[in-house]
Amino acid sequence: MSSNKRTPAVDQDADQDDDLPRSAARDIDGGWGWMVCVGCFVCHVITDGIFYSFGMIFVELLNTFEESKGDTSVIGSLSTGMCFLSGPIVSILANRFGCRAVTICGAFVASTGLFVSAFAPNIQFLYFSLGILTGFGYGMIYLPSIVSVTVYFRKKRSLATGIGVSGSGIGTFIMSPLTSVLVQQYAWHGALIVQSGLLLNCVACGLLFLPLGQQHTLRIEESRTKYDETHISLSKESESGGVIENGLNGILENDINSLQTTTSKNTTKSNGQHYIDSENELSIPLTSGDTSDYDIDKTHEVSSPTPLLSSSISGSNESNRLCAAKIRELFDYEMFKSVKFLLFLVSLFFYGLGYYVPYMYLPDMAMRMGISEFRSSWLLSAVGITNTVGRVVFGYISDRKSVNRLLLYNVSLIICGIFTAVAPLMGAYWSLMVYSAMFGVFSGVTISLTSVILADIVGIDKLSNAFGMCNFVGGVSVFAGPPVAGRLFDISGGYLMCYIYAGISIVLSGAILFIVLYMERKEPKKLNTE
């Protein structure tokens, strides 16, 4: 039954692959795609490793500024919330400028945020520098890296995504004890400066996110020069006399902003993938979102120099029009007419309320039980390494046709929530280590499958925009999650209520998606009856 559900998505990907040139098709499920996967992996090692080790910095900030746990936890919530809330904005930037450029800029933004945070005079300054600024930089790295992997893989998409995001667990395993050592040696100020330098390595990772097929056609510098100097116009013969304008999808072609084309007399459909053959040069894939309604000739000729955009519209006005079109595309109500997508958004909202609570408070809870600071840091390391195992192993398993990946996702959320709710009752170090391992494994399953299931629901063409909207909704809930848990601690004087609140939220997240599972099981029957 699960194989029946995936058939439309697989067929859609197969149709897109048929339209790719051979050089680009070789990178599907292999080739340069694995280099993109490596870049995604390293990005997650660094960014998530730094973020998820914030629990060690959190304890030091409590001692330095002597604020309540609720107020101090706002820093982590702002960072995570901005990472996710920036999803729609980052999605537009990625579509406009490409995943490569956005990732590189995000590395500089996040690094700057960490560096200036080391000189914060008060906690309010950290709200902006370590929370908002750094979080926005994380968002500019997070979304493009995952989307880039998804674009390069079809049959191995779950495995590749699992490998890419498994860097989060490795990063947590490494950075938690490292951050503890850095704090002991250089205080939290010095630890943030070192982390700022580490984040700049994401610049090199971003350079790997080439548009699909570009590494086999033209080098990026040559591509920019070519399309800056060469203006392409197509002859137009249509009844309406209108102009068909094709914006390039930045995920696949980030060095060219837009092309204006018009249909020729003899036209053929190409499912949104078009190639411009110029002399003896290799064909370059141009993806313009959904252009299946337009009939465009497969071969076009290069004309004499003319404005790249419409000659009747100024460049600035055209740029504004394209930006407005992207915003309308992002909030296309058609995407929100899908009940499955709406339920997925609700699920992510509840998940965000509880998921980040253990990362924020687990070290402090362990230290209140009499466990040393250094040993407490290894609890987060245990979460990290088991999280890596869960992402890779279950990502591989979910690619099997016999496995219902949505059911696996739902059950994992429920198990993760149950263990979180009872975590404060585990008074011994070994029992907390067991909880850390279970939380890491089953949260790893959900993270590795989020983008894959989303692609099944909305389709690969809308993945970037849908993923950005999911990040936005998740960011809203993250703003409330850890601070509410901190307030519950301040009121009750213990962590029991905090973890019960987090556990129930995660369980609800998984329970809601059983409605989606029920709907998908009914769909084949409905089709058969028709």
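Residues numbered from 1 in each chain as written. Predicted model: local features only at pLDDT ≥ 70, side-chain atom pairs only at ≥ 80, totals over all residues. Heavy atoms only, no water.

The name an unreviewed UniProt entry gives the chain is Major facilitator superfamily (MFS) profile domain-containing protein, with Dreissena polymorpha as the organism. UniProt's Subcellular location (unreviewed entry) comment on the chain is quoted here verbatim: "Membrane". (UniProt positions renumbered as here; feature names shortened; annotations may be inferred.)

(A) Up close: the overall build of the chain. Each helix and strand counted, the chain has 21 helices and 4 strands in total. Each of the 530 residues in the chain was classed as buried or not, and the buried ones make up 58%. Contacts in the chain between residues far apart in sequence, at least 24 positions, make up 84% of those at least 6 positions apart. When the accessible surface of the chain is totalled, it reaches about 21400 Å², and 62% of it is carbon and sulfur. (Helix = DSSP H or I, 4+ residues; strand = E, 2+ residues; numbered from the N terminus. Buried < 20%, exposed > 50% of the residue type's maximum accessible area, 1.4 Å probe, protein only. Contact = heavy atoms within 4.5 Å. Areas by Shrake-Rupley, 256 points an atom, 1.4 Å probe, with all protein chains shown as cover.)

(B) Looking closely at the packing of helix α9 (residues 157-165) against helix α19 (residues 429-458). With their axes 8 Å apart at the nearest point, α9 and α19 run at an angle of 140 degrees to one another. Classed by the angle they form, the pair α9 and α19 counts as oblique. The two elements α9 and α19 cross, and the hand of that crossing is right-handed. Residues Arg 157, Ser 158, Thr 161, Gly 162 and Val 165 of α9 lie in contact with α19, whose contacting residues are Ile 447, Ser 448, Leu 449, Ser 451, Val 452 and Ala 455. Of the residues that constitute the contact of α9 with α19, the class distribution is 5 nonpolar, 5 polar and 1 charged. (Axes fitted to C-alpha atoms, helices over the stretch in contact; angles between N-to-C directions. Parallel < 35°, antiparallel > 145°, perpendicular 65-115°, else oblique. Left-handed = near helix turned anticlockwise from the far one by under 90°. Nonpolar A, V, L, I, M, F, W, Y, C, P; charged D, E, K, R; others polar.)

(C) Summary view of the nonpolar core. Judged by nonpolar contacts, the single largest core of 115 residues is most densely connected at Leu 199, Phe 341, Phe 344, Leu 454 and Tyr 499. Looking at which element gives the most residues to this core, the answer is helix α8 (residues 123-152), with 13 residues. Not counting chain neighbours up to four residues away, the residues in contact with Phe 341 comprise Met 335, Phe 336, Leu 454, Ile 457, Val 458, Ala 466, Met 469 and Cys 470. (Core = buried A, V, L, I, M, F, W, Y, C linked by side-chain atoms within 4.5 Å.)

(D) Highlighting α19. Here α19 is 30 residues long and its end C-alpha atoms lie 44 Å apart, about the 44 Å a rise of 1.5 Å per residue gives. Taken as a whole, α19 carries its principal kink of about 40 degrees at Thr 450. With 22 of its 30 residues buried, α19 lies for the most part within the structure. Immediately downstream of α19, the backbone of Gly 459 shows phi near 95 degrees, a positive value. (Expected span 1.5 Å × (residues − 1). Bend = angle between axes of the 7 residues up to and from the residue.)

(E) Geometry of a nonpolar patch on the surface. Taken together, Phe 173, Ile 174, Leu 178, Val 181, Phe 374, Trp 378 and Ile 385 make up a surface patch of nonpolar side chains, about 520 Å² in accessible area. Contributions of two or more residues to the nonpolar patch are made by α10 (167-199) and α17 (373-398). A total of 4 residues in the nonpolar patch trace back to one element, the largest contributor, which is α10. Examined against the element boundaries, Ile 385 turns out to sit in helix α17. (Patch = residues over 30% accessible without salt bridge, like charges linked within 9 Å, V, L, I, M, F, W, Y side chains within 5 Å. Salt bridge = Lys/Arg side-chain N within 4 Å of Asp/Glu carboxyl O.)

(F) Structural detail: the environment of Tyr 127. Relative to the assigned elements, Tyr 127 resides in helix α8. Remark: the alpha-carbon pair of Tyr 127 and Ser 79, spanning 48 residues in sequence, is separated by 8.4 Å. Aside from chain neighbours lying at most four places away, what touches Tyr 127 is Asp 71, Val 74, Ile 75, Leu 78 and Ile 132. Only 2.8 Å separates the side chain of Tyr 127 from the backbone oxygen of Asp 71, close enough to count as a polar contact. (Polar contact = N/O pair within 3.5 Å; in protein donor to acceptor, adjacent residues only side chain to side chain.)

(G) Main features of the state of the cysteines. For the structure on display, the rule yields 0 disulfides. In this structure Cys 37 is a free cysteine whose sulfur lies 6.4 Å from that of Cys 40, the closest cysteine sulfur available. Note on Cys 37: relative accessible area 3%, which makes it buried. (Disulfide = S-S within 2.5 Å.)

(H) Layout of unusual backbone geometry. Phi is positive for Glu 66, close to 55 degrees, though the residue is something other than glycine. Relative to the helices and strands, Glu 66 is located in the loop between α4 (54-65) and α5 (69-85). Its relative accessible area of 68% is what places Glu 66 among the exposed residues.

(I) Layout of the pattern of salt bridges. For the structure shown, the criterion picks out 4 salt bridges. Salt-bridge contacts for Arg 405 lead to Asp 456; the nearest nitrogen and oxygen are separated by 2.5 Å. Linking Arg 405 in helix α18 (residues 405-421) with Asp 456 in helix α19, this pair joins segments that are 51 residues apart in sequence. Look at Asp 456 and you get partly exposed, because its relative accessible area is 29%.

(J) Region of the structure containing the environment of Leu 406. Relative to the elements of secondary structure, Leu 406 occurs in helix α18. Relative accessible area serves as the criterion here: at 4%, Leu 406 is assigned to the buried category. Spatially, the C-alpha atom of Leu 406 lies 9.7 Å from that of Val 452, the residues being 46 residues apart in sequence.

(K) Region of interest: the packing of aromatic side chains. Considering all chains together, one arrives at 23 aromatic pairs under this definition. Centroid distance Tyr 355 to Tyr 356: 4.8 Å. Interplanar angle 80 degrees. Geometry classified as edge-to-face. Comparing Tyr 355 with Tyr 356, the two get one shared label, buried. One aromatic cluster is present, formed by Phe 51, Tyr 52, Tyr 351, Tyr 355, Tyr 356, Tyr 359, Tyr 435 and Phe 439 through successive ring pairs. For the cation-ring pair, Arg 375 lies above Tyr 429, with the distance from its terminal atom to the ring centre recorded as 4.0 Å. (Phe/Tyr/Trp six-rings, centres within 6.5 Å; stacked < 30°, edge-to-face > 60°. Lys NZ or Arg CZ within 6 Å of the ring centre and 35° of its normal.)

(L) Spatial organisation of the packing of α5 against α8. Where α5 contacts α8, the axes come no closer than 6 Å and their chain directions differ by 25 degrees. Taken together, the axes of α5 and α8 are roughly parallel relative to one another. Remark: the crossing between α5 and α8 carries right-handed chirality. The segment α5 lies against α8, with Asp 71, Thr 72, Val 74, Ile 75, Leu 78, Ser 79, Met 82, Cys 83 and Phe 84 engaging Ile 123, Leu 126, Tyr 127, Leu 130, Gly 131, Ile 132, Gly 135, Phe 136, Tyr 138, Gly 139 and Tyr 142. The residue makeup of the contact of α5 with α8, split by class, is 14 nonpolar, 5 polar and 1 charged.

(M) A look at the side chain of Ser 168. Tracing the backbone shows Ser 168 in helix α10. Sequence-distant contacts of Ser 168, defined by excluding residues within four places in its chain, comprise His 44, Val 45, Asp 48, Tyr 52 and Arg 391.

(N) Structural detail: the side chain of Asn 387. Here Asn 387 shows up in helix α17. When its relative accessible area of 1% is taken as the criterion, Asn 387 is described as buried. Sequence-distant contacts of Asn 387, that is, excluding residues within four places in its chain, are made with Gly 169, Tyr 355, Tyr 359, Gly 440, Val 441, Ser 443, Gly 444 and Ile 447.

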